[in-house]
Structure formats: structure tokens, C-alpha cells
Amino acid sequence: MGESEFIVENREFGRYLRQVREERRLSLDSVEEMTSGYPDRVTKSHLSRIENGSAVPSFGKLFALSQIYGVPISAMAERFEIDLLRETQPTDVSATTPADALAQLDRLEMAGNYREEVALASAMLDAIEHAGVPAEPEQIVALKIYRIDALAHLERYEMAKVQCEELLSDTFPTRRQKLQALLCFTICCYRLKRYTIAEMALVKATEELVSAEHSTELHATVTATRAVVQTALGQLDAAIETYKDAISLYLQVPQPFEVCRAQLNLAQTLILLN
């Protein structure tokens, strides 16, 4: 089966590739020239068809584009999968406001319906960007954070990490949202076993935590995340004390499930130490 015969169009992914190319100020001609040294060269005519959603790139072409654009191939593959699902199972938000979407996203998150959460957040963001649906800056960032968190729960860590990086390059309407984004980035790096980067991000999150008033729940989450990273780095004694702090904070909220999770992690760390 040739590329043009692939199941369905993937306009969402094509639009994403065009956006990445334009952000890097690359023309179709320059991409064709830059990929000429790769086994699967991307011609400008084929790239145009991919960006228009009428063709799907082979893995070889996707790899070449990932190298040229500086985006991890795993992140591109995850993006392709998510966008293809959105294309085959579209979410109608024509009668939905950003406030309505945020309320629905909260319910989806509580229910663990992460695929629907990604689809709804993405559709609402597209409507805001391309259909002119009015939204406050805080609502836009909240939608992005919901999407990133859902991607992480779906174990699409590379894609979630890339979106975290894009989000962290902007100004945040609230300090709570900045802290949430830093935590998401930390967790993605930890899951990808990039522990040093996770530790650096956690330092930033801790600085943000002490520089402004935040809820006890956020204090607990930052503390528990710090303990997880400390364990991964082999700092077991420090992790044990940090887990104890996290448990104390979660008891204040209260968050029984997170208390149990932190207690289990503490027990596993004690076993590693002994």
C-alpha cells in the first residue's frame, strides 16, 4: 500500500507540520534540499500534500523531518497517532464555550477518560485559534494544561514534554498555572528517565512555590514529585524524609488516595535503602 492510499486524511497532523516548518522559517524548497542527504528524501510537492492532509508520511520521511525540525521522532509519532484519532473521531465544540469545555474536562479527568480529554481540549483550542471563539488567556492556558496532563496519563510523554516546553516559553496569566506547567514538565522528564532535567525543573518549581502563596495541595504535589525524583537519583535518605513531608501535607488537604500512593512509595524506598 502506498502512502497516498493510507486509511484517511490526517489534516490535523499536516497542519501541525506546516506550523512547525513556518516557525522555523523554512520554505518547502529548503526542506527538500535539507532532506536530500537522508535515505527517504522529502520532496516539496510531497511535503505540501502531507501538510494539506492528502498524504501520510512514511516513517523514513517522518524521521527526516524530525531531524530537520529538531523535534524528537517519538514526539512526532505520538502526535501523528493522537491527531489521526481526532480525525477519525471528531469532537464537535460548535456550541461549547471555553468555560463549558473546562467543566467537561474536569469531569473527564476525574473519570479517567483521558483520550476524550485530549480530543476535547484540542478541539476547543482549535476553535479558539481558527474559528475566533472568544477566550480569556487563563482559559487558554488551562485548556493546554488539561491536554498535557491527559497526554501524560496516556503515556505520551514526549508529546506532553514538547507541549510543556512550548507552554513554558510563554507568559502565564497566573502563578498557579506556571507551577502546574513546571510540574507537568518535571513528571514527563522523570517518566522519560531524564532525571537530571527533571531535577532542574523541580528546582524551578520549588522556587515558584516559595515565591508566592499556593494551595496546600500544590505544596503536597511538588513535595511528592521531589521525593520521586530523589529516589530515581539514588538520594534515598532525602527521599524518605520528603515522602513523610508529602504525606503530612496530603493529610491536611485531605487527599486519601495521594496519601496511600505516597505511603506505598515511601515503603518501596525504605526497602531499597535496606
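Details of the structure are given in the entry above.
All figures in this text were calculated on a predicted structure; none of them were measured in a lab. (Residues numbered from 1 in each chain as written. Predicted model: local features only at pLDDT ≥ 70, side-chain atom pairs only at ≥ 80, totals over all residues. Heavy atoms only, no water.)

Caption draft 1: View of helix α10 (residues 175–191). Helix length check: α10, at 17 residues, gives a terminal C-alpha distance of 24 Å against a target of 24 Å (1.5 Å per residue), a fit within 8%. Listed in full, the buried residues belonging to α10 are Q177, L179, A181, L182, L183, C184, F185, T186, C188 and C189. In this structure, the buried side of α10 is in contact with α8 (137–153), α9 (157–168), α11 (195–211) and α12 (216–232). Directly beyond the C-terminal end of α10, a positive phi value near 65 degrees is found at K193. (Helix = DSSP H or I, 4+ residues; strand = E, 2+ residues; numbered from the N terminus. Expected span 1.5 Å × (residues − 1). Buried < 20%, exposed > 50% of the residue type's maximum accessible area, 1.4 Å probe, protein only. Contact = heavy atoms within 4.5 Å.)

Caption draft 2: Molecular detail of the environment of H214. Examined against the element boundaries, H214 turns out to sit in the loop between α11 and α12. Considering only alpha carbons, one finds H214 and I140, 74 residues apart in sequence, at a separation of 21 Å.

Caption draft 3: Focus on unusual backbone geometry. The omega angle of the peptide bond from V253 to P254 is -10 degrees, so this bond is cis rather than trans. For P254, the location among the structural elements is in the loop between α13 (236–252) and α14 (256–273). Not every positive phi belongs to a glycine, and R25 is a case in point at roughly 55 degrees. Position of R25 among the secondary structure elements: in the loop between α1 (11–23) and α2 (28–34). Its relative accessible area of 79% is what places R25 among the exposed residues.

Caption draft 4: Molecular detail of the environment of I50. Position of I50 relative to the elements: it lies in helix α3 (residues 44–51). Given the relative accessible area of 1%, I50 is considered buried.

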